[in-house]
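Residues per chain are reported as follows:
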Amino acid sequence: MEEKQTQQQIEEKWRNFWEEKEIYKFNQKNIKKIYSIDTPPPTVSGEMHMGHACSYSQQDFIARYKRMQGFNVFYPFGTDDNGLPTERLVEKKKEVKAKKMLREDFIKLCIQFLKETRTSFIQDWKNMGVSCDWTINYSTIDNHSRKIAQWSFIDLYKKGRIYRKQAPAMWCPECKTGVAQIEVKDKEFDSTFNDILFKCGRENLTIATTRPELLPACVALMINPNDKRYKKYSGKMAKVPLFDFEVPIIEDIRVREDKGTGIVMCCTFGDQTDMEWQKAYNLQIKKAINEEGRMTEISGKYKSLTIKEARKEILKDLKEKEILVSQKPIKHAVNVHERCDTEIEFITSKQWFVRYLDLKKDMLKWGQEFNWYPENMRHRYNSWIEGLQWDWLISNQRYFGVAFPVWYCKKCDTPIIAEEENLPVDPLLTKPIIKNCPKCKSSEFIPDNDVLNTWFTSSLTPQLAIQLMPKAIQPKLFPMDLRPQAHEIITFWLFNTVVKSHLHYNKTPWKNTMISGLVTLRGEKMSKSKGNVVKPQEVLQKYGADALRYWSANSKVGDDIEYQEQEVLAGTKFLNKIQNATNFVFTNLEHQSKTPELNETDRLFLNEINATIKKATEHFEKYDYAQAKMEADRFFWKVFADNYIEIVKNRLYNGTKEEKASADYTLYQSLLTITKMMAPFIPFMAEEIYQKHFKKYEKSESIHISEWPTEIKIKSSKDDEKIWQRMLEIIYQVRQAKSEAKKSMKAEVILIITKDDFKILKNVLSDIKSVCNAKEIKEGQFEIQIL
């Protein structure tokens, strides 16, 4: 007997086969029917996590389906490995701090680390059965990607869409870099509303604030013009406690009368509203917090303290002077950097921005130009645009990333932009081609030390992949057919890709987007900090990739999915069942090269499989892989395994030559169809079954480049479904009766059926008789007599 292989052995065998035979290779010569996928480049974070395993399986279901539909699938793979995430990973793994190293040395360390880890990182995706063309690959820090990212900067600069400005911007004190609005999220903290006394002449004014450390940066008090309580103070001056300088009291409709005490400090800068007030009333800019997250010299004795230390000391001094009159604990939602959860500060510095706030109406229109699966995810895109308040800050004060292709005149600060033909460039290592500043004629230049925000490069993934191809076929790949991605980065990746595509090419980047959800455990998103992580590598080792993919197909497009081991076990059960069923069938089957005269039961059964093919195909065309899998899965268990195999057994063993030929043909066609319909979900086991049993009769080298099932050409009539269902109902009733009587399923019965049943079931009675082990079938009032 053939030695039984483990699932892991099966998967390794076919993974090597696919790679050796280049089964998933994009054919550059066949450009008539292309399906192109804008594959998400995962951030190199050490290893694949469960969210990756699930979402990449889901997009792979579509890729495999399209390939079986005859498409030449362009399915590249990239890695996102520049910027802050890589820096943090290298610092952790190599136990170093970037700021304590020479920048050049740290960059070399990052590149070396990526060389060491990238191959093993990508292997996780291969192990999951993701069917990318692995020869089409990029890294967002390689020369190819750097060149495209720098070209993007220059193109937008020439179009007047990029500008550099000394302005208040969001800043992360932990990461010590400017951050864009897309990199900020709300997080709820325990905080305190502190009621502090300001003096207006001899009168006290009570101001409620959660940020007493910003008192040295206070530049005005704001009141609502409709608030009768404070109308008399409008235009007067108030003295700031502890710091003893005066600020004006100004009316502004944006002050909420019902929040705090109704009087608000305007500080430079606590939030977006502070910035709007400073600009509207031309107020002084005071910088109380520096880039290190520490208090500046204007803070007096609090200088050099951290924000939290200063808050504590200032509150202590306010209490001692009896000008902290009350404190109220609150839950306070604040902006934090999504990378490290540090509270955002607003610091004035020179940064590069992409100007796009003037395009909000166009952005909403652009979101209507492609299909969303599911449709409701479009609302997240629209809501984000409607809430946009900032142009896109693209400067990061980091070490490892794509450099700005810019130098500055040392004398007059004029930016000198690199020439496109010289890209990629590193201004730290090279000089501009021009010898003199075009404005002041100085010959001294200094490089831009910042790096481009990582999303600035990631928003170019269509180009990063497509421009790896010969120029002649690039127009056939863009716009791409599909952008698959998670719903949590619609505002990061999807939005900016749409914007960049229109700004550069005046085109929508893709025709469809398919949104995946998060993976949860006990109702919460998996997170190392919460200790609720299941590693996919451990699941693969225990159950294999097919079982994990089977589980991931349970989630509807866009929905979050709870990790449940019993669902992975259900996948294992399916794999065992389909393998055993196949082995049974082919042990008893003689291949029929032509369609024989079909037994009536077989004809009815094939009509059922035709209906399943139609439903599964329709679901896949709507990117509803979950329903497609459910149809195929249900048909295998409920119709094929539970009923048809049992119905046909007697004919396989004891039937006439014609009866057996019909059964052989039907079993072969139905099992091949089921295996093909399940192939996108369980690619390894599908290949094992195909190669072992079907390959010698079929022309395709792999099941994954065979044709997706189409309806089998057989006769049908309007009563077929009714007859089939009644047949199954009777078989079920007989089985139930035997079970209730605690009799063997082989027990003989006398089956009495109604006249109407006798009439419609006349052509399948012989199969009903054999599967029910009926001694005879009579006409009369329905009854099952167990002998």
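Residues numbered from 1 in each chain as written. Predicted model: local features only at pLDDT ≥ 70, side-chain atom pairs only at ≥ 80, totals over all residues. Heavy atoms only, no water.

(A) Geometry of the side chain of E11. Within the fold, E11 resides in helix 1 (residues 7-21). Here E11 is buried and forms no salt bridge, its nearest opposite-charge partner R15 lying at an N-O distance of 4.9 Å. In this structure the side chain of E11 is engaged in a polar contact, spanning 2.8 Å, whose partner is the side chain of Q7. Here A545 takes part through its backbone nitrogen, which lies 2.8 Å from a polar atom of the side chain of E11. Excluding its chain neighbours within four sequence positions, the residues that come into contact with E11 are N127, G544, A545, D546 and F684. (Helix = DSSP H or I, 4+ residues; strand = E, 2+ residues; numbered from the N terminus. Buried < 20%, exposed > 50% of the residue type's maximum accessible area, 1.4 Å probe, protein only. Lys, Arg positive; Asp, Glu negative; His and termini not counted. Salt bridge = Lys/Arg side-chain N within 4 Å of Asp/Glu carboxyl O. Polar contact = N/O pair within 3.5 Å; in protein donor to acceptor, adjacent residues only side chain to side chain. Contact = heavy atoms within 4.5 Å.)

(B) How the structure looks around the sheet that holds strand 28 (residues 774-779). Strand order in the open sheet made by the three strands is 28-27-29, with mixed pairing throughout. Strands at the two margins of the open sheet, each flanked by one partner only, are strand 28 and strand 29 (783-786). The sheet shows a mean angle of 15° between the axes of neighbouring strands, direction not considered. The sheet contact formed by strand 27 (residues 749-753) and strand 28 spans five bridges and is parallel. (Pairing = 2+ DSSP bridges. Axes fitted to C-alpha atoms, helices over the stretch in contact; angles between N-to-C directions.)

(C) Up close: the packing of helix 16 (residues 565-588) against helix 19 (residues 657-678). Axis separation between helix 16 and helix 19 bottoms out at 11 Å; the angle between their running directions is 155°. Classed by the angle they form, the pair helix 16 and helix 19 counts as roughly antiparallel. Crossing geometry of helix 16 relative to helix 19 is assigned as left-handed. When helix 16 is examined against helix 19, the residues F574, I578, T582, V585, F586 and N588 are found in contact with a partner set consisting of K660, D664, L667, Y668, L671, I674, T675 and M678. (Parallel < 35°, antiparallel > 145°, perpendicular 65-115°, else oblique. Left-handed = near helix turned anticlockwise from the far one by under 90°.)

(D) Region of interest: the pairing of strand 14 (residues 345-354). Of all 10 residues in strand 14, nine are buried, a share of seventy percent or more. Strand direction decides the pairing type here: strand 5 (residues 162-172) and strand 14, joined by 10 bridges, are antiparallel. By the bridge assignment, Y163 is partnered in strand 14 with F353.

(E) Structural detail: helix 16. Under the 1.5 Å per step criterion, the end-to-end length of helix 16 is 35 Å for 24 residues, consistent within 8% with the ideal 34 Å. The secondary structure elements touched by the buried residues of helix 16 are helix 1, helix 14 (536-543), helix 15 (545-552), helix 18 (625-654), helix 19 and helix 20 (683-694). (Expected span 1.5 Å × (residues − 1).)

(F) Representation of the side chain of S395 within the structure. Among the structural elements, S395 can be located in strand 17 (residues 395-396). Since its relative accessible area comes to 0%, S395 is described here as buried. Side-chain polar atoms of S395 contact the side chain of Q351, separated by 3.5 Å. Reaching out from S395, the side chain makes a polar contact with the backbone nitrogen of W352 at a distance of 2.8 Å. Apart from the residues within four sequence positions on either side, S395 is in contact with T177, G178, Q351, W352, F404, D450 and V451.

(G) Local environment of the packing of helix 5 (residues 143-158) against helix 13 (residues 490-505). Interhelical geometry of helix 5 versus helix 13 gives an angle of 60° and a closest axis separation of 10 Å. By the criterion of interaxial angle, the relationship of helix 5 to helix 13 is oblique. Seen along the crossing, helix 5 lies across helix 13 with a hand that is left-handed. Contacts from W151, S152, D155 and L156 of helix 5 reach helix 13 at K500, L503, H504 and Y505. Residues belonging to the contact of helix 5 with helix 13 are distributed by class as follows: four nonpolar, two polar and two charged. (Nonpolar A, V, L, I, M, F, W, Y, C, P; charged D, E, K, R; others polar.)

(H) Representation of the pairing of strand 12 (residues 263-267). With four of five residues buried, strand 12 lies mostly within the body of the structure. With five bridges joining them, strand 9 (residues 218-223) and strand 12 adopt antiparallel strand pairing. Along strand 12, the bridge assignment pairs C218 with C267.

(I) Structural context of the pattern of salt bridges. All told, the structure shown has 48 salt bridges when counted by the stated rule. A salt bridge links K94 to E116; the shortest N-O distance between them is 3.4 Å. Highlighted residues: K94 in helix 3 (residues 84-94) and E116 in helix 4 (residues 103-127), separated in sequence by 22 residues. Looking at K94, the relative accessible area reads 33%, which means it is partly exposed. For E116, a relative accessible area of 43% translates into the label partly exposed. Across the salt bridge formed by D341 and K187, the nearest N and O atoms sit 3.0 Å from each other.

(J) Representation of the environment of E386 within the structure. With respect to the helices, strands and loops of the structure, E386 is situated in helix 9 (residues 378-386). Distance from E386 to I207, taken between C-alpha atoms, is 31 Å for residues 179 residues apart in sequence. If sequence neighbours within four positions are ignored, E386 has contacts with K360 and L364.

(K) Structural context of the packing of aromatic side chains. One pass over the structure, following the stated rule, counts 51 aromatic pairs. When the ring of Y65 is compared with that of F620, the centres are 4.4 Å apart and the planes differ by 10°; the resulting orientation is stacked. Pair noted here: Y65 is in helix 2 (residues 50-68) and F620 is in helix 17 (residues 600-621), with a separation of 555 residues, a long-range link. F620 sits in the buried class, given a relative accessible area of 1%. An angle of 20° between the planes, with centres 6.3 Å apart, marks the rings of Y356 and W392 as stacked. In this pair, Y356 sits in the loop between strand 14 and helix 8 (360-366) while W392 sits in strand 16 (residues 392-393), placing the two residues 36 residues apart along the sequence. Following the ring pairs from residue to residue traces out a cluster consisting of Y356, F370, W372, Y381, W384, W392, F456, F495 and W510. Directly above the ring of W493 sits R483, whose terminal nitrogen or CZ lies 3.2 Å from the centroid. A cation over a ring is seen here: R726 above F782, with NZ or CZ 5.7 Å from the ring centre. (Phe/Tyr/Trp six-rings, centres within 6.5 Å; stacked < 30°, edge-to-face > 60°. Lys NZ or Arg CZ within 6 Å of the ring centre and 35° of its normal.)

(L) How the structure looks around the environment of M295. Its location among the elements puts M295 in the loop between helix 6 (272-280) and helix 7 (307-320). A relative accessible area of 2% means that M295 is categorised as buried. Separated by 268 residues in sequence, M295 and N27 place their C-alpha atoms 60 Å apart. Excluding its chain neighbours within four sequence positions, the residues that come into contact with M295 are E213, P216, A288, I289, Y302, K303, S304, L305, T306 and A310.

(M) Structural detail: the sheet that holds strand 25 (residues 524-525). Spatial strand order, 25-24-26: three strands in an open sheet with mixed pairing. Edge positions in the sheet fall to strand 25 and strand 26 (561-562), since each of these pairs with one other strand and no more. Pairing between strand 24 (residues 519-521) and strand 26: two bridges, direction parallel. Within strand 26, the residue paired with V519 across the bridge is I561.

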